[in-house]
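Given next are the chains, with one letter for each unit.
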2 protein chains.
Amino acid sequence: MTDEYFMQLALKEAARAFEEEEIPIGAVVVAQQKVIARGYNMTEKLNDPTAHAEMIALTSAFNHLGAKYLPDATLYVTVEPCVMCAGALYWSKISRVVWGASDSKNGFSRVQPGVSPFHPKTQLTTGILETECAALMKEFFRNKR
Amino acid sequence: MTDEYFMQLALKEAARAFEEEEIPIGAVVVAQQKVIARGYNMTEKLNDPTAHAEMIALTSAFNHLGAKYLPDATLYVTVEPCVMCAGALYWSKISRVVWGASDSKNGFSRVQPGVSPFHPKTQLTTGILETECAALMKEFFRNKR
């Protein structure tokens, strides 16, 4: 299974957020080529600005595995994680993080470009289905104006 | 009511964590001189490395107020927040963050000293009951060895 395949599943989660008038970001956690957790942005529904797709997917993955760490898992997320989510991914010791579109305004790199809050052992891959991931965001914010 | 008063309440939360064999960090959220939310570290109990005192207290505060932002609130936490919690506090738009002991290993400043992930409008106060907050941590890790 390719990165594009799993990013499509993250995009499905993002589309759910879009339908519910949430900023359309979605995530899946994959272990041994299987999706073990999903999440999409629920900040409006839960009235909680920390209810990001990644946080929801991570907590679900910990519950699923009954484990505090995800050393053999990959998180796919449609948009570059923010500082909070990068910090959460650090704690998870996840082996790999893959995102689609970059986010110069709210992505983790806003604080200090070039400095990574991720765990040194976490591999990062960017730009997978970037156009589709970014297009969903652009459509959302165009509709909001 | 003084910062020391509210930090004592955060220390009470930290003591609960200690009793439950969790890394002893506690937090309270205060608005209009009243505690509106509490939290203590539950990473072991919940099998979730993101279940930090601050995250739990923040989510509780959003629920309590039915609001996504905390512009008139202060979070007191016994130990310097990590990157994840600093990122969460950023999203909350909280007016003030007060912590007791600094944390050179896991605090937010580990990534890039001198660069703040907090919201520019968030006031930071440090060193309140620092000795007590640090002593609880030291005792915990001494017992673990």
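Criteria and cut-off values
- Every chain is numbered independently, its residues counted from 1 as its sequence is written.
- Written order determines the labels here, with chains lettered from A and ligands numbered from 1.
- Local features in this predicted model are restricted to residues of pLDDT 70 or higher, and side-chain atom pairs are both shown and tallied only at a pLDDT of 80 or more, whereas totals for entire chains, interfaces and linings draw on every residue.
- The basis for every side-chain value is the complete set of non-hydrogen atoms in the structure, without hydrogens or water.
- We count a salt bridge whenever a side-chain nitrogen from Lys or Arg sits within 4 Å of a carboxyl oxygen from Asp or Glu.
- Starting at the N terminus, helices and strands are each numbered in turn, a helix being any DSSP run of H or I of at least four residues and a strand any DSSP run of E of at least two.
- Only protein chains enter the accessibility calculation, which uses a 1.4 Å probe; a residue whose area is less than 20% of its type maximum is buried, one above 50% is exposed, and one in between is partly exposed.
- UniProt positions are given in the numbering used here, feature names are shortened, and annotations may be inferred rather than shown by experiment.
- By the convention used here, residues are in contact when the closest approach between their heavy atoms is within 4.5 Å.
- Here the expected length of a helix is defined as 1.5 Å per residue gap, with one fewer gap than residues.
- Definition of a polar contact: a pair of N or O atoms within 3.5 Å, with one able to donate and the other able to accept a hydrogen when the atoms are protein atoms, and with sequence-neighbouring residues admitted only if both atoms are side-chain atoms.

Close approach of charged atoms allows side chains of opposite charge to pair. This model, assessed by the stated rule, comprises eight salt bridges over all chains. In this structure, Lys68(B) and Glu44(A) form a salt bridge, with 2.6 Å as the shortest nitrogen-oxygen distance. Residue Lys68(B) is found in the loop between helix 2 (53-65) and strand 3 (73-79), and its partner Glu44(A) is found in the loop between strand 2 (34-40) and helix 2 (53-65); the two belong to separate chains. Residue Glu44(A) is classed as partly exposed on the basis of its relative accessible area of 44%. We note a salt bridge from Arg96(B) to Asp3(B), for which the minimum N-O separation is 2.7 Å. Here the residue Arg96(B) occupies a position in strand 4 (residues 96-101), and Asp3(B) occupies one in helix 1 (residues 3-19), the gap between them amounting to 93 residues.

UniProt's feature table lists "binding site: Zn(2+)" (unreviewed entry) at His52(A), Cys82(A) and Cys85(A), given in the numbering used throughout. Their sequence span is 34 residues, while the largest C-alpha to C-alpha distance among them is just 9.2 Å; these annotated residues converge on one region. A relative accessible area of 5% means that Cys82(A) is categorised as buried. Once you skip the residues sitting within four places of it in the chain, Cys82(A) turns out to touch His52(A), Glu54(A), Asn106(A), Gly107(A), Phe108(A) and Trp91(B). Mapping Cys85(A) onto the fold places it in helix 3 (residues 83-92). Setting aside its immediate chain neighbours within four residues, Cys85(A) contacts His52(A), Glu54(A) and Met55(A).

Here we take up the UniProt feature "active site" (unreviewed entry) in chain A. Residues and elements named next belong to chain A. UniProt annotation of "active site" (unreviewed entry) refers to Glu54 when read in the numbering used here. If you trace the backbone, Glu54 turns up in helix 2. The class of Glu54 is buried, set by a relative accessible area of 3%.

Attention now moves to helix 2 of chain A. Between its first and last C-alpha atoms helix 2 of chain A spans 18 Å; for 13 residues at 1.5 Å apiece the expected length is 18 Å, and the two agree. Restricting attention to buried positions, one finds in helix 2 of chain A the residues Ala53(A), Glu54(A), Met55(A), Ala57(A), Leu58(A), Ala61(A) and Phe62(A). Contact partners of the buried residues in helix 2 of chain A: strand 1 (26-31), strand 2, strand 3 (73-79) and helix 3 of chain A together with helix 2 and helix 3 (83-92) of chain B. The positive-phi residue at the C-terminal boundary of helix 2 of chain A is Gly66(A), with phi of around 60°.

With that out of the way, let us pick up the environment of Leu75(A). Residues and elements named next belong to chain A. Relative to the elements of secondary structure, Leu75 occurs in strand 3. Considering only alpha carbons, one finds Leu75 and Val97, 22 residues apart in sequence, at a separation of 4.9 Å. Once you skip the residues sitting within four places of it in the chain, Leu75 turns out to touch Ala27, Val28, Val29, Glu54, Ala57, Leu58, Leu89, Ile94, Arg96, Val97 and Val98.

What follows concerns the side chain of Lys68(B). According to the relative accessible area criterion, Lys68(B) is buried, its value standing at 14%. There is a polar contact of 2.6 Å between the side chain of Lys68(B) and the side chain of Glu44(A). Here the side chain of Lys68(B) touches Tyr69(B) through a polar contact of 3.4 Å, side chain to side chain. Residues in contact with Lys68(B), not counting those within four places in the same chain, are Thr43(A), Glu44(A), Asn47(A), Asp48(A), Pro49(A), Phe62(B), Trp91(B) and Ser92(B).

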